[in-house]
Amino acid sequence: MSQNIPAKRQSAFGAFVKSKVKGPTVQQTGATKTPKTPSKMRRLSLRKSTRKIKHALKGKSGSHQPAAAHRDMPVSQNTVQGEDGVKLKGYKMKTSPTTMVQEPQRTGGSPEENSVGKRNIKSNIKSSQNVKPGQKFHERIATQQPLKRKPPGFEDSDDKTPVKRVRSDTAKSVQSPAKTVDVGEVEDSTVEAVKMFEWLIHPVKKEKFFSELWEKKPLLVKRHLESYNDGWFSTEDLTKILHKNDVQFGRNLDVTTYEGGQRETHNPPGRAYPAVVWDYYQNGCSVRLLNPQTYSHGVWRLCSSLQEYFSSMVGANIYLTPPGTQGFAPHYDDIEAFVLQLEGKKHWKLYSPRNEGEKLPRFSSGNFSQEEIGEAILDVTLEPGDLLYFPRGTIHQASALPDTHSLHITVSTCQRNTWGDLMEKVCIPSTRPPPYWTHTPYTSPSPPVRGTHGETSWRRYVYHPPGLRLTRHSLPTHHRLHLSEEHMGRPHGEGMYTIHQASALPDTHSLHITVSTCQRNTWGDLMEKLVPAALATAFSEDVEFRQALPRDYLDYMGLANTDMDDPRRKAFLGTIQSLLSRLVSYVPVDAGVDQKAVEFMRDCLPPVFTKQERACSIYGCRTRLEKGRVVGSVDLKTSTPVKLIRKGAARLVMEGEQVFLYHILENGRVYHGAELQPIEVPPEAAPAIEYLMHSYPEYVTIDSFPLDHQQDKIDLAMLMFEKGIIIAQEPASVDN
C-alpha cells in the first residue's frame, strides 16, 4: 500500500513518512519501493538520512530533497487523513544531549517554510566555524555546545517578543471541567480551583504563566481541537435564557455595532425578547450578555472556581457577533482578560499600550480611532478551542469572519485589585472605627470654676484610645460616659480627651459662653486630604501601584493570620512599607493645604467691616438713580491704592486646569448658611492676585499689578472690588 504525499506536505527531512495505517508501508518521494520489513525499513532510512546530512554539511549535496536527521534523532510524526491522502501535520525530533528541540510547525506554506534542511541544520548546529575539513560527523557533533531547549509547547520563547504563542498537541488528553460529572462533595476547593486554571491555560504551566506573562504580555494558545471549550456556553443556551428569563436591555444585554469608525449601542427599553434580539442580530448587531453566570450554571461554576484561585472577583461576558461584522471600537479594559472561542471564528488584533500611563490601567478607556492605536502586535483568527489572554491596558478589537458567526466568552479578573487599591483601604478607611468605652464611673473632682454668672461645679472624665483590654461600645447621643477604675488617676495628656459635664450650684444660676475652635483641623485631617491625592498621582505615574496583589495573599494576610510565621507575609509587609515610603514623593502638599483652606473658608463667618472700611468698599458706595441719572458711580483708576479686606478673606486655588478665587465675603452668619461662591479667573491673572495677597496689609496701586495691559488691571480690580474682596484707600464712589 503506497501513499502519495503532496510536495508542500512532505516531511521536513524528505526521507520517509510513517503512516497511521498499520503495516510496513514506506513512501520514498519520487519513486515506488517494494514494501520491506520494519527493521529493514528503519536501517535503510537512517543510512540514507546520514548520507544526506554529511553532504549537507560539506556543501556537496546534489539532492534537492532536504537532508535527513542524525540516527540519534528519530522522527516522530503526526499525520492526518485528508482528500490528498496522508498529510503531514507536524513533527518532533527526539533530542540528544547535543541538539535543540524543534517545535511543531504549521504546514501549508512553501517547502522552504516547512523544511529544516541546510538552513535549519546550520541553526541547530551552533556554527560552522569549529568544523575542520575531513573531520568525522560524530566528531563534529561532539565539538558543538548544546543549545538551550525551548519549553514544551512554546513556539516562541523570546522574552522580548510582544506576544507569547503556544501550540498545544496534547489538548485531547485534557478533560474539560465543563464536562465533569457532579460526583458529590468537593473535598478541597483550592485543588479544584487549581485544576480549573490549569485547564484554562493548558499547555502553559501556571508557574511560567505568572512569571513571564501575567500583567506583562498577551498569550495565544492554538489548540486545534474544536471541542476543548465545549460545555460552557452555546448559542442554544442563549436562546433558552432569552425565553425563560427576564433579561433586560442595558442591564443584562446590549446590542451594538461598529461601522465607519462609529460605535453605537441600540438598546431599546424593556425586556430583551428573543424575537427582538434576533432581529437586531439579523441586522448586523453584536449581542453582549453581561452577566451569563446569573443564568448559566456552567459559567457560574467557572467564575466561582477561578475567583477562589485568584482571590479576586471573576466575571464573564458572552459575545455573539454576526458574520462579517464588528460590535466594538478599539479600546482597552481594566481587567485581565481570558478569551475562550466557543463557536465560529473571530479575527483579533491586539495593540500595545500607547504610553507608560496606560499600562495596567485602573479604569477602562473610551473608544479609539484606528489612527490612534498604531501597529498591531498580534493579528490572528481564533477558532473553537483556542485561548487568548491579554493584560489590562492592551488595546484590542475583533470582528467575525465573513462566512461564519462568532461566539466567545471573556472571563475577567483583577479589577481594582492592586497594591494601590489596598493602600486606599489602609490609608483611607471608609468609616471611622467606633470609640472604645467602659461603663465603670471615674470622677476627678475639680475646684469650682468661675463662670459668667455664678459658679459651676465641673467633673472631668478621660477618653482613652482604643486598647485590647477595653470593651467596645457605641457612643449614643447625650449618654453619660465613664472609664474603669484601672484608669483612675491617669493624667490628662497626649492621646486623651477631656470628657466633661457641668451643673449649676443649688443656690445660684449659671451663664457661660463656650468659644470653640480646632474642629477637624489636625494633621490627621490634612492627611485625609493629602493621601487620596498622593494615591491618585501614584496610580497615574507609578505602574507598581497598579500591579495586582499576590494571587494567594488572603491565605497569609488578615486578622486571622497575624501570628503566622510565613515568608510570604514578611514579603507582603515589606512591599507595603516600600510603597508607603514611595507614596511620600507623590504627596501634593500645597494642593492638599489649599483644599483644607477651602474647607476652612466654608466654615468661616464673613468679615466685620469698620465704618471706614465699609465706606471704601462696595458696601459703602452711594451709587443711586436720581432724576433718571446714575450718580455715585465707582471710579477705580490705575492710580487707585487697594488692598485685601482681610488676609484670610480670599484664597487662590488651582483645580485641574482651572484657577479659582475662593472668598468668604458672601458667607452667612449661620453655620454653613450659604455655600462658597468661587470666582473662576484666567490663569494669566493669577500672578496679580498673588501679588495682592503677598502685599497685605499694605496698599498697592492697580497700576502695579503684574499684568501686561492696563485694561486687564482695571478689569481684575473691578471684579474683586465688586465682590468685596478688596477695598480702596479712599471712598471709590464719586458723585457726578
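The present account deals with the structure reproduced in this document. Source: prediction; values computed, not measured. (Residues numbered from 1 in each chain as written. Predicted model: local features only at pLDDT ≥ 70, side-chain atom pairs only at ≥ 80, totals over all residues. Heavy atoms only, no water.)

### What to know about the overall build of the protein
Piece 1. Counting secondary structure elements, the protein contains 15 helices and 28 strands.
Piece 2. Looking at the protein as a whole, 42% of its 736 residues are labelled buried.
Piece 3. Here the contacts in the protein between residues at least 6 apart in sequence split such that 75% fall between residues at least 24 apart.
Piece 4. Per element, the accessible surface of the protein, about 41600 Å² overall, is 52% carbon and sulfur. (Helix = DSSP H or I, 4+ residues; strand = E, 2+ residues; numbered from the N terminus. Buried < 20%, exposed > 50% of the residue type's maximum accessible area, 1.4 Å probe, protein only. Contact = heavy atoms within 4.5 Å. Areas by Shrake-Rupley, 256 points an atom, 1.4 Å probe, with all protein chains shown as cover.)

### Describing the environment of Thr 404
Piece 1. Within the secondary structure layout, Thr 404 lies in the loop between β13 (395-400) and β14 (406-413).
Piece 2. Spatially, the C-alpha atom of Thr 404 lies 4.9 Å from that of Pro 323, the residues being 81 residues apart in sequence.
Piece 3. Filtering out sequence-adjacent residues up to four positions away, Thr 404 remains in contact with Pro 323, Gly 344 and Lys 345.

### Concerning the nonpolar core
For soluble globular proteins, the rule of thumb is that nonpolar side chains tend to be buried together.
Piece 1. Core analysis: the largest hydrophobic core is formed by 51 residues, its most contacted members being Phe 197, Phe 209, Phe 233, Leu 253, Leu 306, Phe 338 and Ile 409.
Piece 2. Setting aside residues no more than four positions away along its own chain, Phe 233 makes contact with Leu 238, Ile 241, Leu 289, Pro 292, Ser 296, Val 299, Ile 318, Leu 342 and Leu 407.
Piece 3. With 42 residues, the next largest nonpolar core counts Val 653, Tyr 662, Ala 688 and Val 700 among its residues. (Core = buried A, V, L, I, M, F, W, Y, C linked by side-chain atoms within 4.5 Å.)

### Examining the packing of helix α10 (residues 523-541) against helix α12 (residues 589-603)
Piece 1. Orientation of α10 relative to α12, taken along the N-to-C sense of each, is 120 degrees, at an axis distance of 9 Å. Put simply, α10 runs oblique to α12. Relative to α12, the crossing made by α10 is right-handed. For the pair α10 and α12, contact is made by Asp 525, Leu 526, Lys 529 and Leu 530 and by Val 589, Gly 592, Val 593, Gln 595, Lys 596 and Glu 599, respectively.
Piece 2. For the contact of α10 with α12, the per-class residue count stands at four nonpolar, two polar and four charged. (Axes fitted to C-alpha atoms, helices over the stretch in contact; angles between N-to-C directions. Parallel < 35°, antiparallel > 145°, perpendicular 65-115°, else oblique. Left-handed = near helix turned anticlockwise from the far one by under 90°. Nonpolar A, V, L, I, M, F, W, Y, C, P; charged D, E, K, R; others polar.)

### A few points about the sheet that holds strand β27 (residues 726-728)
Piece 1. Spatially, β26-β22-β27 is the arrangement adopted by the three strands of the open sheet, whose pairing is antiparallel. Two strands close off the open sheet at either side, each with one partner strand: β26 (700-701) and β27.
Piece 2. Sheet analysis places strand β22 (residues 641-644) next to β27, joined by three bridges and oriented antiparallel. Bridging from a neighbouring strand, Lys 643 pairs with Ile 727 of β27.
Piece 3. Contacts from helix α14 (residues 686-695) reach β22, β26 and β27, with the element oriented near 80 degrees to β22. (Pairing = 2+ DSSP bridges.)

### Quick word on the environment of Val 194
Piece 1. By secondary structure assignment, the location of Val 194 is in helix α4 (residues 189-201).
Piece 2. Looking at Val 194, the relative accessible area reads 25%, which means it is partly exposed.
Piece 3. Taking the C-alpha atoms as reference points, Val 194 and Tyr 309, 115 residues apart in sequence, are found 6.4 Å from one another.
Piece 4. Residues within four places of Val 194 in sequence aside, it is in contact with Lys 206 and Tyr 309.

### Quick word on helix α15 (residues 710-722)
Piece 1. Counted at 1.5 Å a residue, the expected span for α15 with its 13 residues is 18 Å, and the 18 Å between its end C-alpha atoms agrees.
Piece 2. Check the buried side of α15 and you find it contacts β21 (633-634), β22, β24 (658-663), α14 and β27.
Piece 3. One or two residues past the end of α15 sits Gly 724, with phi positive at roughly 85 degrees. (Expected span 1.5 Å × (residues − 1).)

### Details of the pairing of strand β7 (residues 286-289)
Piece 1. Side chains of β7 alternate between two faces, with Ser 286 and Arg 288 and Val 287 and Leu 289 buried alike.
Piece 2. Of the pairings in the sheet, the one linking strand β5 (residues 253-259) to β7 comprises four bridges and is antiparallel in character. Its bridge partner being in β7, Val 255 is matched across the sheet by Val 287.
Piece 3. Relative to strand β8 (residues 314-321), β7 is paired through three bridges, and the arrangement is antiparallel. From the neighbouring strand, Leu 289 faces β8, where its bridge partner is Ile 318.

### So, the packing of α4 against helix α8 (residues 297-310)
Piece 1. At a minimum axis distance of 8 Å, the contact between α4 and α8 shows a crossing angle of 105 degrees. One way to sum up the angle between α4 and α8 is to call them roughly perpendicular. On α8, the residues touching Ser 189, Thr 190, Glu 192, Ala 193, Val 194, Met 196, Phe 197 and Leu 200 of α4 are Arg 301, Leu 302, Ser 305, Leu 306, Glu 308, Tyr 309 and Phe 310.
Piece 2. Counted by class, the contact of α4 with α8 contains nine nonpolar, three polar and three charged residues.

### Structural notes on the pattern of salt bridges
Piece 1. Scanning the model with the defined rule gives 29 salt bridges in all.
Piece 2. Lys 208 is the salt-bridge partner of Glu 212, the closest N and O atoms lying 2.9 Å from each other. With Glu 212 and Lys 208 both in helix α5 (residues 206-213) and four residues apart, the pair spans about one turn of that helix.
Piece 3. Overall, the relative accessible area of 23% leaves Glu 212 in the partly exposed class.
Piece 4. With a relative accessible area of 25%, Lys 208 lands in the partly exposed category.
Piece 5. Taking the shortest distance from any N to any O, the salt bridge between Asp 594 and Arg 651 comes out at 3.0 Å. Placement of Asp 594 in helix α12 and of Arg 651 in strand β23 (residues 650-655) is noted, with a sequence separation of 57 residues between them.
Piece 6. Exposure remark for Asp 594: the relative accessible area of 16% places this residue in the buried category.
Piece 7. Among the residues examined, Arg 651 registers a relative accessible area of 31% and is labelled partly exposed.
Piece 8. Here the residues in one salt-bridge network are Lys 222, Lys 345, Glu 383 and Asp 386, joined through shared partners. (Salt bridge = Lys/Arg side-chain N within 4 Å of Asp/Glu carboxyl O.)

### Examining the sheet that holds strand β25 (residues 679-681)
Pairing between the strands of a sheet comes from backbone hydrogen bonds, and it takes one of two forms, parallel or antiparallel.
Piece 1. Taken together, the three strands give an open sheet; going across it, the order is β23-β24-β25, and neighbouring strands pair in antiparallel fashion. Each edge of the sheet is formed by a strand with only one pairing partner; in this case those strands are β23 and β25. Each strand of the sheet is rotated relative to its neighbour by a mean of 30 degrees, with strand direction disregarded.
Piece 2. Contacts from α12 reach β23 and β24, with the element oriented near 130 degrees to β23.
Piece 3. Here α14 sits on the sheet in contact with β23, β24 and β25, set at roughly 150 degrees to β23.

### Comments concerning the packing of aromatic side chains
Piece 1. Within the structure shown, the criterion is met by 30 aromatic pairs.
Piece 2. With a centroid separation of 6.1 Å and an interplanar angle of 50 degrees, the aromatic rings of Trp 348 and Phe 390 are classed as tilted. One end of the pair, Trp 348, is in strand β10 (residues 346-351); the other, Phe 390, is in strand β12 (residues 387-390), and 42 residues separate them in sequence. For the residue pair Trp 348 and Phe 390, the accessibility class agrees, reading buried in each case.
Piece 3. Aromatic side chains Tyr 556 and Phe 572 sit 6.3 Å apart centroid to centroid with 75 degrees between the ring planes, which places their arrangement in the edge-to-face category. Here Phe 572 lies in helix α11 (residues 567-583) and Tyr 556 lies in the loop between α10 and α11, a separation of 16 residues in the sequence. Judged on exposure class, the residue Tyr 556 and its partner Phe 572 are both buried.
Piece 4. Chaining the aromatic ring pairs together yields one cluster made of Phe 197, Phe 209, Phe 210, Trp 214, Tyr 309, Phe 310, Phe 338 and Tyr 389.
Piece 5. The ring centre of Phe 539 lies 4.0 Å from the NZ or CZ of Arg 362, which sits over that ring. (Phe/Tyr/Trp six-rings, centres within 6.5 Å; stacked < 30°, edge-to-face > 60°. Lys NZ or Arg CZ within 6 Å of the ring centre and 35° of its normal.)

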